[in-house]
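Topology and contacts: notes
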Amino acid sequence: MPAKRKGLRAPDPKYVLVIDIGGTHVKFRIGERGPIQAFDSGPKMTPARMTRELRKLLGEQRHDAVSIGYPGLVYHGRIAADPHNLGNGWVGFDFAAALGRPVRLINDAAMQAIGSYRGGRMLFLGLGTGFGATLIIDGVVEPTEVGHMPYKHGRTFEEYVGEHGRERLGNRRWRKAVRKVLADLRAAFEPDYIVLGGGNAAKMKKLPRGVRLGSNLHAFAGGLRLWDPNSGVIISPSAAVREARRGR
């Protein structure tokens, strides 16, 4: 983990701000026990607008470091593409300058996966506005872009089991599609267990064997782990969390 690099000191977890960016809401919390706050996002949400809203809502609350879960491709700790469900301008945006704190950035599904991980070979699947997938093998985290891969009938995995897929199919057929995707990805990745997270996971009436329901709270736990040098989780080089430094 980056916190183990020489000269870096991990912040007090009580003062780590964790931001979970979603297609419909941005949620944030300071520390493990702080209140969870949220505001609307959506297709017009830009990073500048998001950080302005955050600073307004945070006010004078102390936070010494920031973890951000981003709903899109993150490569070597940098945003590599604008998200599918938000506005533009995310690539190259300087969050550390905008927030005035050191920032660590990772894919949102990966952040929730890190908070959900309990050892072994785990596949995390996030059912929300979009569809995220992260594999963790013996503590090594590897986010994927499975959600945007072609699945069938000219549609991607996300177009089948994301929110637009649920609206198109209706809940009954959507649940059937989710179960089929779970079976297909289980065969592909051969995990010891699957964690199903995201806002729509609770809409599944019955989970297949070896699949457990996650919690959106795990995203906040994962954000704290990003700054914990003793977390036992290692970010793979391709998804390495990049620390951007800024003074207050």
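Check the entry above for the structure.
These notes cover the structure that comes with them. Fair warning: this is a prediction, and the values are worked out from it, not measured in the lab.

A closer look at helix 3 (residues 108-116)
Within helix 3, 8 of the 9 residues are buried, leaving the element largely enclosed by the surrounding structure. The backbone nitrogen of A109 lies 2.9 Å from a side-chain oxygen of the residue at the head of helix 3, namely N107.

What about the environment of G22?
Mapped onto the elements of the fold, G22 is located in the loop between strand 1 (16-21) and strand 2 (25-30). As a C-alpha pair, G22 and L86 span 64 residues in sequence and 8.5 Å in three-dimensional space. Dropping the residues within four chain positions of it, G22 is found in contact with S41 and L86.

Focus on the sheet that holds strand 14 (residues 211-213)
Ordered in space as 14-13-8-9-10-15, the 6 strands form an open sheet in which the pairing is mixed. A strand with exactly one partner marks an edge of an open sheet, and here the two such strands are strand 14 and strand 15 (234-235). The pairing of strand 8 (residues 121-127) with strand 9 (residues 131-137) spans 7 bridges and is classified as antiparallel. Residue L127 lies in a different strand from strand 9, and its bridge partner there is F131. Relative to strand 9, helix 3 is tilted by about 45 degrees, and along the sheet it contacts strand 8, strand 9, strand 10 (140-144), strand 13 (193-197), strand 14 and strand 15. Packing against the sheet, helix 6 (residues 171-189) makes contact with strand 8, strand 9, strand 13 and strand 14, and its axis sits at approximately 155 degrees to strand 8.

Quick notes on the nonpolar core
Generally speaking, soluble globular proteins have nonpolar side chains that are buried together. Within the largest apolar cluster, 24 residues are counted, with the highest numbers of intra-cluster contacts made by L125, F131, V161, L185 and L196. Elements represented by at least two residues in this core include exactly strand 8, strand 9, helix 4 (157-161), helix 6 and strand 13. The element that contributes the greatest number of residues to this core is helix 6, accounting for 7 residues. Residues within four places of V161 in sequence aside, it is in contact with L127, F131, W174, A177, V178 and V181.

How each quantity is defined
Residues numbered from 1 in each chain as written. Predicted model: local features only at pLDDT ≥ 70, side-chain atom pairs only at ≥ 80, totals over all residues. Heavy atoms only, no water. Buried < 20%, exposed > 50% of the residue type's maximum accessible area, 1.4 Å probe, protein only. Helix = DSSP H or I, 4+ residues; strand = E, 2+ residues; numbered from the N terminus. Polar contact = N/O pair within 3.5 Å; in protein donor to acceptor, adjacent residues only side chain to side chain. Contact = heavy atoms within 4.5 Å. Pairing = 2+ DSSP bridges. Axes fitted to C-alpha atoms, helices over the stretch in contact; angles between N-to-C directions. Core = buried A, V, L, I, M, F, W, Y, C linked by side-chain atoms within 4.5 Å.

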